[in-house]
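Chain by chain, the residues run as shown.
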Amino acid sequence: MPAKIIDGKFYSSQILDEVRGEVAEIVKTGERPPCLAVVLVGEDPASAIYVNSKKKMCADVGITSRAHILPAQVWEETLLLLIDKLNEDGEVDGILVQSPLPGHIDEDGVFKAIAPGKDVDGFHPYNSGLTAMGSDGGLAPCTPAGCVELLRREGIPMAGANCVVIGRSNIVGRPAASLMIKESATVTVCHSKTKDLAAVTRGADILIAAIGKKNFVTPDMVKDGAVIVDVGINRTEGSKKIYGDVDPACMEKASRMTPVPGGVGPMTIAMLMKNCLSAYKMAREKEKEDE
Ligand code: NDP
């Protein structure tokens, strides 16, 4: 029987409704709404599209947004000064620097410069550390948090499940593994040096694919009845169509599977809005504690 689709659009709109509702309640009390500052360096068309869609999403849920657009040749020092200013700005709750940055800028250094409490992408080592420790109170990276949220809302049992994550990037694979450990799954992380990958993935009750290679996971790598979360966004030259990391033929073996598009992608931006609201709430709580 073909797998049931896990509808990321449906769950992301649920999350956005929740964020919209909370923001409206905040505004009703006379407080200002949360504010996200988005920094874009250069004119990469794909990045400009991402920034615009984030601005639109903010407006849709009632979050204020500010865009800071810097030329591609900007000095790293100038970018860092802007981040310092945003860190100090009491009216800004979240800071997002759109990647990729031009080659002359140390991207990791820039992400580390963002105040952890405003790091809505969850890439700062402080937040990565909290995610790795399974601690609450930080901001988890949006894409892996979105994967876990999808599984939770779909009612997939995670405790005790064998979860295999393909990919060990700091943005997706590693934090996805940490978040699944927090859910009490038994987690295996695979990467390009993994021996007999198919033998490992065939043991997965939950398979999370974050590789960056079109249709990489094939049905022979999947256990009957597995749940598959496909993080991949792959484009082929000359086509606007996007492909996942999982061959759609795997639908025949899986019990549930996220589609591409319409699976993890919409969850990422919804989790970004959720992180922005969390950053706002954490800052307000800290202000109260400091009073
Ligand atoms: P990276 O390129 O940073 O990481 C890819 C990982 O896949 C690496 O750990 C790499 O292993 C592993 N890998 C590559 N080839 C193989 C192989 N043959 N066998 C096993 N493992 C392999 O990518 P990201 O983590 O940033 O992104 C992964 C995918 O997710 C991409 O398609 C990206 O576009 C997509 N993505 C989607 C998002 C969304 O919103 N839906 C957001 C972010 C990313 P090694 O470490 O050994 O090199």
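Because the structure is a prediction, the values reported are computed rather than measured.

A few words on the layout of surface pockets. Here the largest pocket defines a volume of roughly 1,400 Å³. Surrounding the largest pocket, 48 residues form its lining, Tyr50, Thr143, Ile233, Gly265 and Thr268 being those nearest its centre. Every element with two or more residues in the lining of the largest pocket is listed here: α2 (45-61), β4 (94-97), α6 (142-154), β9 (234-235) and α9 (264-290). Considering every element that reaches the lining of the largest pocket, the biggest residue donor is α2, with seven residues. A breakdown of the residues in the lining of the largest pocket according to their chemical character gives 24 nonpolar, 15 polar and nine charged.

Bringing the pattern of salt bridges into the picture now. Following the criterion strictly, the structure yields 18 salt bridges and no others. In this structure, the salt-bridge partner of Lys28 is Glu25, at a minimum N-O distance of 3.3 Å. In this pair, Lys28 and Glu25 are both assigned in helix α1 (residues 8-28), three residues apart and thus about one turn of the helix distant. Residue classification places Lys28 among the exposed positions, given a relative accessible area of 66%.

With that out of the way, let us pick up the sheet that holds strand β11 (residues 256-257). Taken in spatial order, the six strands of this open sheet run β1-β11-β8-β7-β5-β6, and their pairing is parallel. Bordering the open sheet on either side are β1 (4-5) and β6 (186-190), each of which pairs with just one other strand.

Okay, the packing of α1 against α6 next. The axes of two packed helices give the description: the angle between them and the distance between them. Viewed as axis vectors pointing N to C, α1 and α6 meet at an angle of 95 degrees, and their least axial separation amounts to 10 Å. Relative to α6, α1 is oriented roughly perpendicular. Packed against α1, whose contacting residues are Gly8, Tyr11, Gln14, Ile15 and Glu18, the element α6 presents Glu149, Leu150, Arg153 and Glu154 at the interface. When grouped by side-chain class, the residues that make up the contact of α1 with α6 number three nonpolar, two polar and four charged.

A word on the nonpolar core. Grouped together as the largest cluster of nonpolar side chains are 53 residues, with contacts concentrated most on Leu36, Ile63, Met180, Ile206 and Met273. The leading source of residues in this core is α9, at 11 residues. Counting residues in hydrophobic clusters, the runner-up holds 19 residues, among them Leu70, Leu86, Ile95 and Leu101.

Attention now goes to the packing of aromatic side chains. When we look at a pair of aromatic rings, we describe it by the centre distance and by the angle of the planes. Tallying each qualifying case throughout the model produces two aromatic pairs. On the numbers, 5.2 Å between centres and 70 degrees between planes, the contact of Phe10 with Tyr11 is edge-to-face. You can call Tyr11 buried: its relative accessible area is 10%. Positioned over the ring face of Tyr243 is Lys214, at 4.1 Å from the centre of the ring. Its end group placed over the ring of Tyr280, Arg284 keeps NZ or CZ at 4.6 Å from the ring centre.

The alternating pattern of β4 places Gly94 and Leu96 on one face and Ile95 and Val97 on the opposite face, and all of these are buried. When strand β2 (residues 35-41) meets β4, the two strands line up parallel, connected through four bridges. Directly across from Val38, in β4, lies its bridge partner Leu96.

Scoring rules and cut-offs
Residues numbered from 1 in each chain as written. Predicted model: local features only at pLDDT ≥ 70, side-chain atom pairs only at ≥ 80, totals over all residues. Heavy atoms only, no water. 1 Å grid on protein atoms, 1.4 Å probe; cavity = no way out; pocket = protein on both sides within 12 Å on 5 of 7 lines; lining within 4 Å. Points joined across faces, edges and corners; volume = space filled by probe spheres on them. Helix = DSSP H or I, 4+ residues; strand = E, 2+ residues; numbered from the N terminus. Nonpolar A, V, L, I, M, F, W, Y, C, P; charged D, E, K, R; others polar. Salt bridge = Lys/Arg side-chain N within 4 Å of Asp/Glu carboxyl O. Buried < 20%, exposed > 50% of the residue type's maximum accessible area, 1.4 Å probe, protein only. Pairing = 2+ DSSP bridges. Axes fitted to C-alpha atoms, helices over the stretch in contact; angles between N-to-C directions. Parallel < 35°, antiparallel > 145°, perpendicular 65-115°, else oblique. Contact = heavy atoms within 4.5 Å. Core = buried A, V, L, I, M, F, W, Y, C linked by side-chain atoms within 4.5 Å. Phe/Tyr/Trp six-rings, centres within 6.5 Å; stacked < 30°, edge-to-face > 60°. Lys NZ or Arg CZ within 6 Å of the ring centre and 35° of its normal.

In short, geometric facts, not functional conclusions.
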